[in-house]
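# Coordinates in review
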Amino acid sequence: MGRELRDFIMRGSVVDLAVGVVVGVAFAGVINSFVANLLTPLVTIPGEVDFSQLSLTVGGGTFLYGRFLNDLIGFLLIATAVVRVVVRPMNRLRAARARSGDAATVRCAACLSTIPAAARRCAFCAAPQDPVGPAAEGVDA
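I will try to describe carefully the structure that is included in this document. (Residues numbered from 1 in each chain as written. Predicted model: local features only at pLDDT ≥ 70, side-chain atom pairs only at ≥ 80, totals over all residues. Heavy atoms only, no water.)

### A short note on a nonpolar patch on the surface
Cut-off, in case you're wondering: Two distance rules govern patches: like charges are joined within 9 Å, and nonpolar side chains (Val, Leu, Ile, Met, Phe, Trp, Tyr) within 5 Å, applied only to residues with over 30% relative accessible area and no salt bridge. Each accessible area value is a Shrake-Rupley result obtained with a 1.4 Å probe; residue values ignore everything except the protein chains displayed when judging cover. Any Lys or Arg side-chain nitrogen found within 4 Å of a carboxyl oxygen on Asp or Glu counts as a salt bridge. Only DSSP runs of H or I reaching four residues or more are called helices, and only runs of E reaching two or more are called strands; each is numbered from the N terminus.
Side chains of Leu56, Val58, Phe63, Tyr65, Phe68, Leu69, Leu72, Phe75 and Leu76 sit close together on the surface and give an oily, nonpolar patch of about 880 Å² of accessible area. At the level of secondary structure, the elements contributing two or more residues to the nonpolar patch comprise strand E1 (56–58) and helix H3 (65–102). Along the chain, Val58 turns up in strand E1.

Structure (structure tokens):
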């Protein structure tokens, strides 16, 4: 059982996931600090930065709607910051790579993987490839 656990952990995906979680926690701390210390004071009611004391008593129950407002504002600010700082730049980078990579790649006829147009064999299934494009001009058929 110990050997199976070790083999499972040593697969690339488990280690990648662990690194992703650690980086995610560190990134969450940075984003939370950015929102709490820089963005929240900009969007709150002047003089009222913390809404947590706002409440409504109905019958015998107390509704702490101020805490909900704090959490809602924090969520919206974090979501906005993540979209602007992470998602948009990544989408632009992905689109730029797709535009530049389309002309230089083809699909393998055997396994449909994306491979360089000048490849003579597929890197994924090792199927021979018909030369295509400028790289094929100097190849004797």
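Having put the structure on the table, let's press on.
### Some details on the nonpolar core
Quick reminder of the rule: In this description, a nonpolar core means a group of buried Ala, Val, Leu, Ile, Met, Phe, Trp, Tyr and Cys residues linked to one another through side-chain atoms lying within 4.5 Å. Summary of the burial criterion: residues with accessible area below 20% of their type's maximum are buried, those above 50% are exposed, and those between are partly exposed, where the area comes from a 1.4 Å probe applied to protein chains only. Residue contacts are counted whenever heavy atoms from the two residues lie within 4.5 Å of one another.
Ranked by size, the top nonpolar core spans five residues in total: Cys108, Ile115, Ala119, Cys122 and Ala127. Look past the residues within four positions of Ala127 in its chain and what remains in contact with it is Cys108, Ala110, Arg120, Arg121 and Cys122.

### Concerning the state of the cysteines
In a disulfide, the sulfur atoms of two cysteines are held together by a covalent bond. What counts is decided by this rule: Count a disulfide wherever a pair of cysteine sulfur atoms falls within 2.5 Å.
All chains considered together, the criterion is met by zero disulfides. Left unpaired, Cys122 is separated from the closest cysteine sulfur, that of Cys111, by 3.6 Å. The thiol of Cys125 is unpaired, and the distance to the nearest cysteine sulfur, on Cys108, comes to 3.7 Å.

### Considerations on unusual backbone geometry
A positive phi angle, close to 65°, is found at Leu112, a residue other than glycine. With respect to the helices and strands, Leu112 occurs in the loop between strand E3 (105–107) and strand E4 (114–116). Taking relative accessible area as the criterion, Leu112 reaches 54% and is therefore assigned exposed. Positive phi, close to 65°, is recorded for Ala126, a residue that is not glycine. Inspection of the secondary structure assignment puts Ala126 in the segment after E4. When its relative accessible area of 44% is taken as the criterion, Ala126 is described as partly exposed.

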